[in-house]
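For reference, the chains in residue letters:
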Amino acid sequence: MTTPALEPDLFPGAGPGGAPPRAHRLPAVVRLRLDGGLKVVMAEDDTVPLVQLHAALPAGTRFEPRGGEGLAALTIAALREGTARRSADDIDEAAEELGADIATHADWDMSSALIELLSSDLSFGVELLFEMLAAPSFPAASLERLRRRQLARLRQQSSAPGEIADRWFARALYGETAYGRPLLGRHSALRTIDRDAVAEFHRAHFGLPGMVLVAAGSFRAGQLARLAESSAAACARAAPPAPPALEPPALGHKRAFLLDLPHAAQTELRAGHVGVARGHPEFAALQLLSAVLGRRLKRRLREECGYTYHLRCRFISRGAAGPFAVSAAVGNEHAGETVRAVAREMERLREEPVPAAELGVARNYLTGVYLRSFQPGHELLTQLKLLAVHDLADDHFACYLRGLAEADPARLLRLAREHFHPRRMAVAAAGPAAGLRAQLAGCDEVVEIEAGGLDAPCD
Amino acid sequence: MTATSTECAAPRVEQFTLANRMRVYVRREGAAPLVALHIGYAAGSRSEPARLCGLAHVCEHVAGLAPPGAAAQTYSELIEGCGGIANGSTSHEQLCFSAVLPSHQLTLGLRVEASRMARPAEGLTDAALDVQRGVVVQEYGSRVGNRPYGRSFELVQRSLYPPEHPYHWPAGGLPASVANISRREVETFFRANLAPDKAVLILVGDVPPGAAGEVERLFGSIPPGDGGADGGFGEVAQRPRGVAARRESYEDRVPFARVHLASTAPGFGEDGWYAASLWLRSLAVGRTSPLQKRLVRERGVAQEVGAQMVTMRDASTAALVATAAPGVGPRLLEEALRDALREILSEGITEARLARARKKALTDHFSTIRRVDQRAQFIATSAAFRDDPSPPVEDHYRRLSAADVSAAGRSLFGAEDYAALSIVPRGGEV
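Residues numbered from 1 in each chain as written. Chains lettered and ligands numbered in written order. Predicted model: local features only at pLDDT ≥ 70, side-chain atom pairs only at ≥ 80, totals over all residues. Heavy atoms only, no water.

Enquirer: Quick rundown of the overall build of chain A? Include the residues and the values.
Expert: Summing up its helical and strand segments, chain A has 15 helices and 12 strands in all. Taking the principal axes of the C-alpha coordinates as reference, chain A spans close to 60 × 60 × 35 Å. The buried share among the 459 residues of chain A stands at 61%. Pairs at least 24 residues apart make up 83% of the contacts formed inside chain A by residues separated by at least 6 positions. Only carbon and sulfur atoms are counted for the fraction: they give 52% of the accessible area of chain A, which is about 17200 Å². (Helix = DSSP H or I, 4+ residues; strand = E, 2+ residues; numbered from the N terminus. Buried < 20%, exposed > 50% of the residue type's maximum accessible area, 1.4 Å probe, protein only. Contact = heavy atoms within 4.5 Å. Areas by Shrake-Rupley, 256 points an atom, 1.4 Å probe, with all protein chains shown as cover.)

This is the structure we're talking about:
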C-alpha cells in the first residue's frame, strides 16, 4: 500500500537559492481487523533492524472503580510477573537473551504493553506479548512486591516539584473524576487492592475486541499479521465496557492551587483549563492556535526576560476532553508575571486576529514538527497509536496537515473565543508559598496546600 | 527485504576539509526530504577556566541570538519558520548546534551556522547577556537544582576528578559563577573557540547535490583560529586513577537514599570503552542481572539498581546506582552494593551473560541512531573524538571475550579505589 505524495509546497517561501522542495510522503500504514476483533495498525521501516510492538487496551485509570485508584497501573505491570506457561524469571531470561526491552504503562484512557527487539526476533516478541496479555498468572508475592514499588514511586513523585504541579493541576481541572486522579493511584486504595481485584480488572478490560496492536520498524506486514492472528487466539473475546462519562467540574473563575515547597529553587507552573477530545474536528487548528500562544510566551518569558528555560503550550490528546495546558518552570520571583502573561496573551488572541506573517511562521513550524514525527522510533509509534486508539480515518495524517494549512486568522480568532478562557482558568504553582502568595493575589481564589499535605494530596 | 541481520548497511560517509581546516562529513541517505545539520566545536566546558564555570554554556545561549537586522530574534526562530527545528548543547567537550530541516532549506541552515561562526556576539548588549544568564540559571534549576537527586552527576564528577581537571566542574555551569560572567569574557571565548579549525560539520539525510559547494561558499572565507592540538581539544585530559576510596554524603529533599559507586573509565571509542560498556550492562541491566537479583529481589535492600556511563573524550564516568528500598538506610545499601560488587568481580562474567549484554548494547545502539538527527550526532561525536565517522560498533562489541570484559570490570572497580557518593534524605529520615 502506498500513499500519495503530499503537495511539495508544504513550506511556501523556499529558502534563498534553495533547490525546489521535494514532496514528503506519509508512511504507508496498514490497518487490519483480525479475527476476534483485534485492530492492527502497522508501518514498515527498515532504517534500523528493530521492531516496536505496542498493545493498547481501554484499561486506563478512567476504568478504575471507586476505591480502586492504582488498579490500572498495578494490573498492567503485573503482566510481566508470569503467565500460565512462564514464570517471571522465564519471561525475563527469554527477553534478556534477545536484548529485548519490555515496558508497561497505564495512562488515563489506555493501558499498554510494549516490546522492542531486533527484527530477527519478531515472532518471539509477538508470541510473548500476547501470552502476557492473554494469560497472566498474577502471583500473590509478585503483586505484593509491585504494590510496594508503586507506593514507593508515589512517594518519589511527592518529592518532585514538576510531578506535584502536574498532579494538582489535574485535580484542579478534573476534580474527583478519572482524569483528576494520579496515574499511580492513591495510598489508601493501593493498600487494599487484592489479587481478585487485579484478576477481575484484567478479565473485564483485556479482551481482543478492545485491543489494538501497533507496530513500527523492520518487518513485513503480512508476516506480522499472521503471527498476531495466531498468537492472539488465546485472548479473551469479551467486549470492553463503554468508557464512563467524564464530566469535569465547571471552572467559574481563575483558581490557583499553591503547593508550598519552601526550599524550591524555582516554581513549577501549570495554567489552563479543560480543552477538547482528540477527535475534535478542529484539533489541528487548535494546536496551531496553541503554537502561536506558545511562541509568543516563549519570546516574552524566555528570550526577552530570561524567566524560564523551557515552556510548553498545547492541547493534550485524550479520549475525552483533555487539558489545555501551559507548563513552565520559572524563577520564583517571576511566577506571578508569568501567570499574568499567559492570561494576557490568551486574551489578546481572543481579541485580535493573528497577523498573517506570524501565523505563517507558526504553521511552518508545526508542519515541520508533524512531518518529523513520522521518523522511525517512538514518535512514529505514537502517531500510529493515535490512529488506532481514536479510530481516526485512514487519511487522518493528510487531513491534519490540511487542517494546519487551511487555518486562517479568522478561524483562529473564532477558535480562541470558543476555546481559550483566561478568566476561567486553573493555575497550579509548586514553589515557596511565602513569595508566591502575593504574586498570585490576582487570581480569584487561591487554595494553599501545605507541604505536609503533599504526600497524600489526593487521598 | 527486512534488515534481518544485525548488520545495518550504512551509506558511505563522504569527508572533506576546507582550507581553513573545518572538517565536513556528508552522508546521503533516507527517503524523507529531511536533512540533519550538526556542527560541533571543540569548545565545551573544558575550554573554559575553572573559575568561569558555565562560560561555554552561556556562550551557547548567546550564540543562539541572531545578529541585529535579522528577520527573527533568534536563529531557532529563523529555522522553525521554515519548517525546521534547532537546538544547542554544551558538554565537557563540545559546543554543538543542530537542526533538522526540510532538505530544500539546507542553505538557510548553513547560512545560520556560517553567520553564527563568523559573528557570534555581534550586537550583544549587557542587557541581552543578562537575559541569557537568567535562562542558563533557570535551565540549571529545571535539570538539576529543582529535581530530586538532580545534583548526583555533578557531585560524582567532583569526587572523581581533581579540581584542576576539566571534567571536575559541570558543563552546564553553576548559578553562582554564571551570574558573574561578563560580556568581555564571552567575546574572548568566541574569538578563541568559534573557529572553523575547531569545528566539524555534519550533514545527514536528503543532502542536495550542491551542498559541498554551498559549504565552501559560506564557510570557506571564515579565517581559521589558533586551532590548538588534537582537533582543537588541546592536551589530552589524563584519566585520574586512584581516588583513594573517597566517600561523600549529601542531603537532598528525597524520600529514599541513593548510593553511587563511581570510577573513571576509558574515553569514547577506545577499546576499553566498549569493554566497560558491556561490563556495566552485564552487571546491572535487566531484571536477571546480578546486581538486580542480589539487591532488589534477594536482599530487598534496593527498589532499583542500574548502571550509567557518561562518556567524554578522554575519560568516561562509570557508575553503579542503587535507590534504597523503603526503610533501608544509605550505609546498609552501600555495604550491600559493595558486597555484591566484590562477589561479581571475583566470579567474573560468563560467556552467556556477555552474549546478553552484547545483544542489549546493539539494540541500544540501533535505537539511538534511528532518527536522522541522532545519526548526525553520532557521526559528529565519532569524527570529533576519534577521527572516525563510522566506527564499526558491532565489530568492537563482537571482538570482546568474557575474559576481556571481566578484566574491564576489575580495572574499574577491582582495587576499590572508586568513589562512593550517597544522597540521603534531609534530616536523615528514611
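Enquirer: Give a detailed account of the interface of chain A and chain B, specifying residues and quantitative values.
Expert: On the chain B side, the residues contacting the 72 residues of chain A number 69 residues. Of the roughly 6100 Å² buried at the junction of chain A and chain B (both faces included), carbon and sulfur atoms supply 51%. Summed over the three residues of chain A that lose the most area to chain B, namely A:Glu96, A:Tyr309 and A:Arg372, the buried surface amounts to 11% of that side. One can count 12 salt bridges joining chain A with chain B. A salt bridge links B:Arg356 to A:Glu96; the shortest N-O distance between them is 4.0 Å. Put simply, chain A and chain B have 26 residue pairs in polar contact (both at pLDDT 80 or more) between them. Of the residues assigned to the side of chain A that touches chain B, the class counts are 27 nonpolar, 22 polar and 23 charged. (Buried area = accessible area lost by both parts, 1.4 Å probe. Salt bridge = Lys/Arg side-chain N within 4 Å of Asp/Glu carboxyl O. Polar contact = N/O pair within 3.5 Å; in protein donor to acceptor, adjacent residues only side chain to side chain. Nonpolar A, V, L, I, M, F, W, Y, C, P; charged D, E, K, R; others polar.)

Enquirer: So what's going on with the nonpolar core? Which residues, and what values?
Expert: A:Leu293, A:Leu412 and A:Phe420 are the most contacted members of the largest nonpolar core, which totals 71 residues. Counting residues per element, this core draws most heavily on helix α9 (residues 283–304) of chain A, at 11 residues. Ignoring sequence-local partners within four residues, the contact set of A:Phe420 consists of A:His273, A:Leu289, A:Ser290, A:Leu293, A:Phe315, A:Phe324, A:Met346, A:Leu349, A:Arg350 and A:Leu415. Counting residues in hydrophobic clusters, the runner-up holds 69 residues, among them B:Leu278, B:Ala340, B:Ala380 and B:Ala402. (Core = buried A, V, L, I, M, F, W, Y, C linked by side-chain atoms within 4.5 Å.)

Enquirer: Which residues make up the packing of aromatic side chains, and what values do they have?
Expert: In the structure shown here, the tally under the stated rule is 16 aromatic pairs over all chains. Taken together, a centroid distance of 5.0 Å and an interplanar angle of 85 degrees make the contact between B:Trp273 and B:Tyr274 edge-to-face. B:Tyr274 shares its class with B:Trp273; the two are buried. By way of ring pairs, the aromatic residues B:Phe268, B:Trp273, B:Tyr274, B:Phe385 and B:Tyr397 are connected into one cluster. Between the NZ or CZ atom of A:Arg318 and the centre of the ring of A:Trp108, over which it lies, the distance is 3.8 Å. Sitting over the ring of B:Phe97, B:Arg116 keeps its end group 3.9 Å from the ring centre. (Phe/Tyr/Trp six-rings, centres within 6.5 Å; stacked < 30°, edge-to-face > 60°. Lys NZ or Arg CZ within 6 Å of the ring centre and 35° of its normal.)

Enquirer: Report on helix α7 (residues 183–193) of chain B, specifying residues and quantitative values.
Expert: All names here are of chain B. Val186, Phe189, Phe190 and Asn193 are the residues of α7 that are buried. Buried residues of α7, viewed axially, fall in a sector of 100 degrees; they line one side. Away from its buried face by more than 90 degrees, α7 exposes Arg184 and Arg191. Summarising the contacts, the buried residues of α7 are in contact with β3 (34–41), α1 (55–62), β5 (95–102) and α4 (126–145). (Arc of directions from axis to C-beta.)

Enquirer: Just give me the short version of the pairing of strand β9 (residues 302–311) of chain B, but keep the residues and values in it.
Expert: All names here are of chain B. Taken together, the nine bridges between β9 and strand β10 (residues 316–324) define a ladder with antiparallel strand orientation. Among the inter-strand pairings, Ala307 is bridged to a residue of β10, identified as Leu320. Counting the residues that bridge the hairpin from β9 to β10 gives four residues. (Pairing = 2+ DSSP bridges.)

Enquirer: Could you give me a rundown of the pattern of salt bridges, with the residues and numbers involved?
Expert: Applying the stated criterion across every chain, the model contains 75 salt bridges over all chains. We note a salt bridge from A:Glu358 to A:Arg296, for which the minimum N-O separation is 2.7 Å. In this pair, A:Glu358 is assigned in helix α11 (residues 356–372) and A:Arg296 in helix α9, connecting sequence segments 62 residues apart. When the shortest N-O distance is used, the salt bridge between B:Arg399 and B:Asp271 registers 3.7 Å. Taken together, the residues span a long stretch of sequence, with B:Arg399 in helix α14 (residues 393–399) and B:Asp271 in helix α9 (residues 271–284) at a distance of 128 residues. You'll find B:Arg399 and B:Asp271 in the same group, each marked exposed. Residues participating in the shared-partner salt-bridge network are A:Arg80, A:Glu81, A:Asp92, A:Arg145 and B:Arg287.

Enquirer: Just give me the short version of the confidence of the model for chain A, but keep the residues and values in it.
Expert: Residues and elements named next belong to chain A. Summary statistics for chain A give a mean pLDDT of 92 and a share of 94% for residues scoring 70 or more. When the criterion is pLDDT under 50, residues 1–5 qualifies, and its contacts beyond four places in sequence or with other chains add up to 11 contacts. A low-confidence stretch, residues 12–16 stays under pLDDT 50, and its non-local contacts, those more than four residues away or across chains, total seven contacts. (pLDDT = per-residue confidence, 0-100.)

Enquirer: Got a sec to walk through the state of the cysteines? Specific residues and values, please.
Expert: All names here are of chain B. With the rule as written, the count across this model stands at zero disulfides over all chains. Of the cysteine sulfurs around Cys96, a residue in no disulfide, the closest is that of Cys59, at 14 Å. By relative accessible area, which is 7% here, Cys96 ends up buried. (Disulfide = S-S within 2.5 Å.)

Enquirer: Describe the packing of helix α1 (residues 71–78) of chain A against helix α7 (residues 195–205) of chain A, listing the residues and the values that go with them.
Expert: All names here are of chain A. Two numbers describe how α1 lies on α7: the axes approach to 10 Å, and their chain directions differ by 85 degrees. When the axis of α1 is compared with that of α7, the two are roughly perpendicular. In this structure, α1 uses Leu71, Ala72, Leu74 and Thr75 to contact α7, whose residues at the interface are Ala197, Val198, Phe201 and His202. Along the lines of polarity and charge, the residues of the contact of α1 with α7 split into six nonpolar, two polar and no charged. (Axes fitted to C-alpha atoms, helices over the stretch in contact; angles between N-to-C directions. Parallel < 35°, antiparallel > 145°, perpendicular 65-115°, else oblique.)

Enquirer: Explain the pairing of strand β2 (residues 39–44) of chain A to me, using residue names and the numbers behind them.
Expert: The two faces of the sheet receive side chains in turn, since in a regular strand these alternate between them. Residues and elements named next belong to chain A. The element β2 is extensively covered by neighbouring structure, given that five of its six residues are classed as buried. Inspection of the sheet shows strand β1 (residues 29–33) paired to β2 by five bridges, in the antiparallel sense. In the strand pairing of β2, Val29 is matched with Ala43. Linkage of β1 to β2, two consecutive antiparallel strands, is achieved through a turn of five residues, within which Gly36 is found at a positive phi near 95 degrees. Inspection of the sheet shows β2 paired to strand β6 (residues 212–217) by six bridges, in the parallel sense. Within β6, the position partnered with Glu44 by the bridge is Gly217.

Enquirer: Account for the sheet that holds strand β8 (residues 258–265) of chain B, naming residues and giving values.
Expert: Residues and elements named next belong to chain B. Spatially, the five strands line up as an open sheet ordered β7-β11-β8-β10-β9, and their pairing is mixed. Of all strands in the sheet, those with a lone pairing partner are β7 (247–252) and β9, marking the two edges. The mean inter-strand angle of the sheet, taken between neighbouring strand axes irrespective of direction, is 20 degrees. Of the pairings in the sheet, the one linking β8 to strand β11 (residues 419–425) comprises five bridges and is antiparallel in character. From the neighbouring strand, His260 faces β11, where its bridge partner is Leu421. The strands touched by helix α15 (residues 402–413) are β8 and β10; relative to β8, the strand with the most contacts, the crossing angle is about 110 degrees.

Enquirer: With reference to specific residues and values, describe the sheet that holds strand β6 (residues 199–205) of chain B.
Expert: All names here are of chain B. Spatially, the six strands line up as an open sheet ordered β1-β2-β6-β3-β5-β4, and their pairing is mixed. Unpaired on one side and paired on the other, β1 (14–17) and β4 (85–90) mark the two borders of the sheet. The sheet shows a mean angle of 15 degrees between the axes of neighbouring strands, direction not considered. Helix α3 (residues 106–118) contacts β3, β5 and β6 of the sheet and is inclined by roughly 10 degrees relative to β3. Contacting β2 (23–28), β3, β5 and β6, helix α13 (residues 372–386) runs over the sheet at an angle of about 150 degrees to β6.

Enquirer: For the side chain of A:Arg181, give the residues involved together with the corresponding values.
Expert: Residues and elements named next belong to chain A. By the secondary structure assignment, Arg181 is in the loop between α5 (161–174) and α6 (187–190). According to the relative accessible area criterion, Arg181 is buried, its value standing at 7%. At 3.2 Å, the side chain of Arg181 and the backbone oxygen of Thr61 are in polar contact.

Enquirer: Provide a residue-level description of unusual backbone geometry, including the pertinent values.
Expert: For A:Asp391, which is not glycine, the phi dihedral falls at a positive 50 degrees. The exposure class of A:Asp391 is exposed, given its relative accessible area of 54%. The backbone of B:Asp387 shows a phi angle near 55 degrees, a positive value even though the residue is not glycine.

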